[in-house]
Amino acid sequence: MNPLNGHFEAGIRSLVVLTAAFPVRLDVAQLVYLDHVMLHSGDLDGAPPSLQPDLPVGPGELGLRRTLVEQGLVILMRAGLVDLTTDASGFLYGATEEAASFLGALQAHYVVELRARADWLADYYLRDSTNVREDMKQITRRWATQVLPEASGNREGQG
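Attention here is on the structure that accompanies the text. Given the structure is predicted, the values throughout are model-derived calculations rather than measurements.

## Focus: the nonpolar core
Leu 18, Leu 26, Leu 31, Leu 34 and Leu 73 are the most contacted members of the largest nonpolar core, which has 34 residues in total. Those elements giving two or more residues to this core turn out to be helix H1 (7-21), helix H2 (28-39), helix H3 (59-78), strand S2 (90-95), helix H4 (99-105) and helix H5 (109-126). Once residues lying within four places of it in the same chain are set aside, the contact partners of Leu 18 are Leu 26, Leu 31, Leu 73, Val 82, Tyr 93, Gly 94 and Ala 95.

Encoded structure:
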């Protein structure tokens, strides 16, 4: 188990995002994308620096991240920090009123940095109606244009 990128950490990151978004509720796809952007924020213009280095794993990272986020949400629901509702669009997760108090008790520098990025994300993405699914497709397309030519031996600048 990798404690820095396991389901517990993914759950804490989801809780940070849901608390910053409160009272907005998010689905798993939104949480996966926002988790990715929170860690790799330096890839975006005007964003804070990334918390983690870029790794050439592409869409596979998003698939793995989805599983970790889902497992983390189960932990958070058991702890009473997140609840689940449904509407016509599907399952939506939201921070409970206890979530902010719980996060306030965590003093680690990493959590402080996560909270700063989550606040930025809430302002940039959630308040401006950014299409999260379209942005996820852009991540996948960017990965495909960067990595697939290298995998086939056709690197940029080579004929």
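What follows continues from the structure just given.
## Notes on the environment of His 40
The topology assignment puts His 40 in the loop between H2 and H3. Classification of His 40 as buried rests on a relative accessible area of 4%. Sequence separation of His 40 and Leu 51 is 11 residues, and the distance between their C-alpha atoms is 6.4 Å.

## Notes on the packing of H1 against H5
Orientation of H1 relative to H5, taken along the N-to-C sense of each, is 45°, at an axis distance of 8 Å. One element, H1, and the other, H5, form an angle in the oblique class. Where H1 crosses over H5, the two elements pack in a sense that is right-handed. Together, Glu 9, Arg 13, Val 16, Val 17, Ala 20 and Ala 21 of H1 and Tyr 110, Leu 114, Arg 115, Ala 118, Asp 119, Ala 122 and Leu 126 of H5 make up the contact between the two elements. Considering only residue class, the contact of H1 with H5 consists of nine nonpolar, no polar and four charged.

## A few points about the pattern of salt bridges
In a structure, side chains of opposite charge can pair up when their charged atoms sit close to one another. Applying the stated criterion across every chain yields a total of six salt bridges. For Arg 13, the salt bridge goes to Glu 9, with nearest N and O atoms at 3.1 Å. Of the two residues, Arg 13 and Glu 9 both sit in helix H1, four residues apart, roughly one turn of that helix. Side by side, Arg 13 and Glu 9 carry an identical accessibility label, which is buried. Put simply, Arg 25 and Asp 83 hold a salt bridge, and the shortest N to O gap is 2.5 Å. Of this pair, Arg 25 sits in the loop between H1 and H2 while Asp 83 sits in strand S1 (residues 82-87), and the two are 58 residues apart along the sequence. Residue Arg 25 is classed as partly exposed on the basis of its relative accessible area of 26%. The class of Asp 83 is partly exposed, set by a relative accessible area of 31%. Put simply, Glu 9, Arg 13, Asp 35 and Arg 65 are held in one network by salt bridges that share partners.

Thresholds, definitions, all that
- The written sequence of each chain sets the order in which its residues are numbered from 1.
- Given that the model is predicted, a residue must reach a pLDDT of at least 70 before its local features are reported, and side-chain atom pairs must reach 80 or more before they are shown or counted; all residues, however, enter totals for whole chains, interfaces and linings.
- Hydrogens and water molecules were not included; the side-chain quantities draw on all heavy atoms of the structure.
- Note on terminology: a nonpolar core comprises buried Ala, Val, Leu, Ile, Met, Phe, Trp, Tyr and Cys residues joined through side-chain atoms within 4.5 Å.
- Exposure classes here rest on a 1.4 Å probe applied to the protein chains alone. A residue is buried below 20% of its type maximum, exposed above 50%, and partly exposed in between.
- Each helix is a run of H or I in the DSSP string that is no shorter than four residues. Each strand is a run of E no shorter than two, and both are numbered from the N terminus.
- Only heavy atoms enter the contact rule, under which two residues are in contact if any of them lie within 4.5 Å.
- Angles here are taken between N-to-C directions and fall from 0 to 180 degrees, while the axes themselves are lines fitted to C-alpha atoms, restricted in helices to the stretch in contact.
- Put simply, angles under 35 degrees are roughly parallel, angles over 145 are roughly antiparallel, angles from 65 to 115 are roughly perpendicular, and the rest are oblique.
- Put simply, a crossing is left-handed when the front helix is turned counterclockwise from the back one by less than a right angle, and right-handed when it is turned clockwise.
- Put simply, Ala, Val, Leu, Ile, Met, Phe, Trp, Tyr, Cys and Pro go in the nonpolar bin, Asp, Glu, Lys and Arg in the charged bin, and everything else, Gly too, in the polar bin.
- The salt bridge definition used is simple: a Lys or Arg side-chain nitrogen within 4 Å of an Asp or Glu carboxyl oxygen.

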